[in-house]
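So you can see what is in the structure, the chains are spelled out below.
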Amino acid sequence: MTIMVRYSCPACGLKDVQVDVPARGEEDVIAWMDQTFHAIGADHRQRSPNCRPERLVDVKVPMAGADRIGGPSVH
Ligand SMILES: [Zn+2]
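Residues numbered from 1 in each chain as written. Predicted model: local features only at pLDDT ≥ 70, side-chain atom pairs only at ≥ 80, totals over all residues. Heavy atoms only, no water.

Asker: Lay out the nonpolar core with the relevant residues and their values.
Answerer: Among the nonpolar cores identified, the biggest contains 13 residues, and Ile 3, Val 5, Tyr 7 and Val 21 are the most heavily contacted of them. Listing elements by their share of this core, those giving two or more residues are strand 1 (2-9), strand 2 (14-22) and helix 1 (29-47). (Core = buried A, V, L, I, M, F, W, Y, C linked by side-chain atoms within 4.5 Å. Buried < 20%, exposed > 50% of the residue type's maximum accessible area, 1.4 Å probe, protein only. Helix = DSSP H or I, 4+ residues; strand = E, 2+ residues; numbered from the N terminus.)

Shown next as structure tokens:
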């Protein structure tokens, strides 16, 4: 099960790029966020190999329909 998060990088102009990441299961939210930021970082490296931002801003995790941060939406 995956969920879609979005991020933007003002340094190279990426805006609202969508990344599928594993939905959060029972793991701690901090651990999940860490994992998610790694996935976002890897996606960004692929799209902009020469961009080395200090951090990616504007990471959006969908909350609609989920019962916890990063959880799969329950429809
Ligand atoms: Zn960038």
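Asker: Explain the side chain of His 44 to me, using residue names and the numbers behind them.
Answerer: Structurally, the position occupied by His 44 is in helix 1. Excluding residues within four positions of it along the chain, His 44 makes contact with Tyr 7, Cys 9, Cys 12, Leu 14, Cys 51, Pro 53 and Leu 56. (Contact = heavy atoms within 4.5 Å.)

Asker: Would you mind going over unusual backbone geometry in detail, with residue names and values included?
Answerer: Although it is not a glycine, Asp 16 sits at a positive phi angle of roughly 50 degrees. Note on placement: Asp 16 falls in strand 2.

Asker: Explain the pattern of salt bridges to me, and be specific about the residues and the numbers.
Answerer: This model, assessed by the stated rule, comprises four salt bridges. If you follow the salt bridges from partner to partner, you end up with Asp 16, Asp 58 and Lys 60 in one network. (Salt bridge = Lys/Arg side-chain N within 4 Å of Asp/Glu carboxyl O.)

Asker: Outline the coordination of the zinc ion, listing residues and values.
Answerer: Bound to the zinc ion are the protein donor atoms Cys 9 (SG), Cys 12 (SG), His 44 (NE2) and Cys 51 (SG), situated 2.0 to 2.3 Å from the metal. Every donor counted, the four donor atoms about the zinc ion form angles of 105 to 113 degrees at the centre, which fits tetrahedral coordination. For the zinc ion, the single-chain donor residues occur in sequence as C-x2-C-x31-H-x6-C. Placement of Cys 9 in strand 1 and of His 44 in helix 1 is noted, with a sequence separation of 35 residues between them. An identical accessibility class is assigned to Cys 9 and His 44; each is buried. (Donors = N, O, S within 2.8 Å, 3.2 Å for Na, K, Ca; no water. Tetrahedral: all angles 85-135°; square planar, octahedral: opposite > 155°, others 65-115°.)

Read these as layout, nothing more, since geometry by itself doesn't imply function.
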